[in-house]
Amino acid sequence: GNLNALNNDVISAHKLFDKTPHRTIYLWNSLIWGYARAHKFRNAFSLFNDVLHSEIMPDNFTYACLVKASSENFDLHSLRV
């Protein structure tokens, strides 16, 4: 179904992301959003954690993606970093 297609898309996107040396916050956000849309919330939060440990600063869209992931996951505890 639709979720399966989203899942395949995000796996492809992540492979491309892994090969990208200069990662912008736009790239990070796209991948986090992709995982949230595919209901892979653990992956989305794991990537957010990676952003926090990189030299890139999260932006408002990063947080918006996480709020969406949290609300769909009904897991508001994971918003506490």
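Here the structure is shown first, and the text comes after it.
Residues numbered from 1 in each chain as written. Predicted model: local features only at pLDDT ≥ 70, side-chain atom pairs only at ≥ 80, totals over all residues. Heavy atoms only, no water.

What about the nonpolar core?
1) Next: By size, the foremost hydrophobic cluster in this structure holds 18 residues, and its most contacted members are W28, L31, I32, Y35 and L47.
2) Next: Discounting chain neighbours no more than four positions away, the residues touching L47 are H14, W28, L31, I32 and Y35. (Core = buried A, V, L, I, M, F, W, Y, C linked by side-chain atoms within 4.5 Å. Buried < 20%, exposed > 50% of the residue type's maximum accessible area, 1.4 Å probe, protein only. Contact = heavy atoms within 4.5 Å.)

So, the side chain of N29
1) Next: By the secondary structure assignment, N29 is in helix α2 (residues 25-37).
2) Next: Only 2.9 Å separates the side chain of N29 from the side chain of D59, close enough to count as a polar contact.
3) Next: Setting aside residues up to four positions removed in sequence, N29 forms contacts with D59, F61, T62 and C65. (Helix = DSSP H or I, 4+ residues; strand = E, 2+ residues; numbered from the N terminus. Polar contact = N/O pair within 3.5 Å; in protein donor to acceptor, adjacent residues only side chain to side chain.)

What to know about the packing of helix α1 (residues 2-18) against α2
1) Next: Where α1 contacts α2, the axes come no closer than 9 Å and their chain directions differ by 155°. Between α1 and α2, the angle is such that the two are roughly antiparallel. Along this stretch, α1 crosses α2, giving a crossing that reads as left-handed. Here L3, L6, V10, A13, H14 and F17 of α1 lie close against α2, whose contacting residues are L27, W28, L31, G34, Y35 and R37. (Axes fitted to C-alpha atoms, helices over the stretch in contact; angles between N-to-C directions. Parallel < 35°, antiparallel > 145°, perpendicular 65-115°, else oblique. Left-handed = near helix turned anticlockwise from the far one by under 90°.)

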